[in-house]
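Results of the structural survey
The chain contents come next:
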Amino acid sequence: MTAFKLKTTGLVTGAAFCALLAGAAHADENVLAWSSGMATVGVCQVGVTCNQPNGVAFLSRRQSTDTDTDFNRVATGPQDYLTITNGGYFGNAWASAEAGEGLLGLPVLHAFAESRSVGLGLSNNPYIGVDIAIIQAVQGYTNTSDQNLIIPLSAFQGLVDYNVTGAPGAVSAGIAVTTSAILDPLVAAQWSALGGQGHFGEFTAGCGTAGALAIGQSGARNSQAGPATQYAGFGATSCTGGDTYLLAPNETFYVWARLGVTHSTIGVTDASNTFNVTIAPEYQQLVQEQIAPSLQFASGANLDIPMSAVPEPATWAMMILGYGGVGLYIRRRKHWAVA
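Let us look at the structure shown here. As the structure is a computational prediction, the values presented were derived from the model and not from experiment.

Our focus in this paragraph is the overall build of the protein. Looking only at helices and strands, the protein features five helices and 19 strands. Buried positions account for 55% of the 339 residues belonging to the protein. For the protein, the exposed surface amounts to about 13,500 Å²; the carbon and sulfur share of it is 52%.

Relative to the helices and strands, Gln139 resides in strand β7 (residues 127–143). The buried category is assigned to Gln139, whose relative accessible area is 0%. A polar contact of 3.3 Å, which involves the side chain of Gln139, links it to the backbone nitrogen of Ala33. At a separation of 2.9 Å, a polar atom in the side chain of Gln139 contacts the main-chain carbonyl oxygen of Gly105. Discounting chain neighbours no more than four positions away, the residues touching Gln139 are Val31, Leu32, Ala33, Ala99, Leu104, Gly105, Pro107, Phe253, Tyr254, Val255 and Phe297.

A few words now on the nonpolar core. Counting 52 residues, the largest nonpolar core has Leu104, Phe156, Val160, Phe253, Leu259, Phe275 and Ile279 as the members making the most contacts within it. Among the elements that line this core, the one with the most residues is strand β16 (residues 252–264), at five residues. Look past the residues within four positions of Phe156 in its chain and what remains in contact with it is Leu104, Leu106, Ile151, Ile175, Val177, Gly235, Ala236, Phe253, Val255, Thr278 and Ile279. Counting 16 residues, the second largest nonpolar core, distinct from the first, contains Ala205, Ala212, Tyr254 and Leu303.

This next bit is on the environment of Ser172. Assignment of secondary structure puts Ser172 in strand β10 (residues 169–179). By relative accessible area, Ser172 is classed as buried at 0%. Distance in space between the C-alpha atoms of Ser172 and Phe203 is 9.9 Å, their sequence separation being 31 residues.

Covered by surrounding structure in strand β15 (residues 244–247) are Tyr245 and Leu247 only, the residues Thr244 and Leu246 on the alternate face being uncovered. Sheet analysis places strand β8 (residues 149–152) next to β15, joined by four bridges and oriented antiparallel. Bridge assignment links Leu149 to a residue of β15, and that residue is Leu247.

With that settled, consider the state of the cysteines. Under the criterion given, the structure shown has one disulfide. Each sulfur in the disulfide pair Cys207 and Cys239 lies 1.9 Å from the other. Taking the sign of the torsion about the S-S bond as the criterion, the disulfide between Cys207 and Cys239, at about -60 degrees, is left-handed. With Cys207 in the loop between α2 (185–191) and β11 (212–217) and Cys239 in the loop between β14 (237–238) and β15, the pair connects residues that are 32 residues apart, well separated along the chain. By relative accessible area, which is 38% here, Cys207 ends up partly exposed.

Not every positive phi belongs to a glycine, and Asp68 is a case in point at roughly 50 degrees. Mapped onto the elements, Asp68 comes out in strand β2 (residues 57–69). Take Asp68: its relative accessible area is 13%, and that puts it in the buried class.

Procedures and definitions
Residues numbered from 1 in each chain as written. Predicted model: local features only at pLDDT ≥ 70, side-chain atom pairs only at ≥ 80, totals over all residues. Heavy atoms only, no water. Helix = DSSP H or I, 4+ residues; strand = E, 2+ residues; numbered from the N terminus. Buried < 20%, exposed > 50% of the residue type's maximum accessible area, 1.4 Å probe, protein only. Areas by Shrake-Rupley, 256 points an atom, 1.4 Å probe, with all protein chains shown as cover. Polar contact = N/O pair within 3.5 Å; in protein donor to acceptor, adjacent residues only side chain to side chain. Contact = heavy atoms within 4.5 Å. Core = buried A, V, L, I, M, F, W, Y, C linked by side-chain atoms within 4.5 Å. Pairing = 2+ DSSP bridges. Disulfide = S-S within 2.5 Å.

If you want it as structure tokens, here you go:
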């Protein structure tokens, strides 16, 4: 056990959907200040709509936002399968967030996207599935002491481990450290802006955004399938010109985490194991002994962060089709079909 002061709360009423899926949170566990997720199942037509604005037809979309929760899950499942005359196009996507059990209860994120398409992009049925899951979470910390705390910004790091099967899939993630400026909805919206070129697991804001203290992102990775687990690790880089932030008494800072996965055609992009935000080993003793005892979890009740950064369909097409992976996969399927 750490000396970190725990602020224990249960799930709010608005999280009933999440509780049904995952079970209610235990009062003695760490809880996140805020989390939100989106899961979407869609389809597009190769060579016609996949590379066009508004070219992805949404078959199902679900969204969830919770405060003071340690688990948030949105999902599409069998009830969302859709059969079309020329074949069946369906998929699954889900995302969840929880507070970690380690030092400071930092966010742990999961995302899963499975896409299937009977047509496989073939000429007689040129449709492919386009499925995406996005999750983001915020953990807040308030200085309860009467002394300034020196927060080392480079102490925060993230590691995604994921698996890809079938056609290539895309994974991206980000972490950020901010001041309480994110309590302003206009500032918060800059971190999760609509669309954006290539943004779906990364933040749309940067060091020039109000309240930004540090930021680190994996960048979109279009990953080939393989039997082994793949990894993407990165650390937060200071935006302040120095490596530390002086946290005054009663002041709050926030750690953000964000993860996005997408998949098309036949296959799975599975990041359900997992995006962990942690304290870098060289800072763990410092945080444990000198910082954590003076911190308390901050409530997320005042947070108003839009869950809106789902890429425009044209951006999806760029990520999924632009790298040529799906096209190669489809051509191989054609060759196999002829053979």
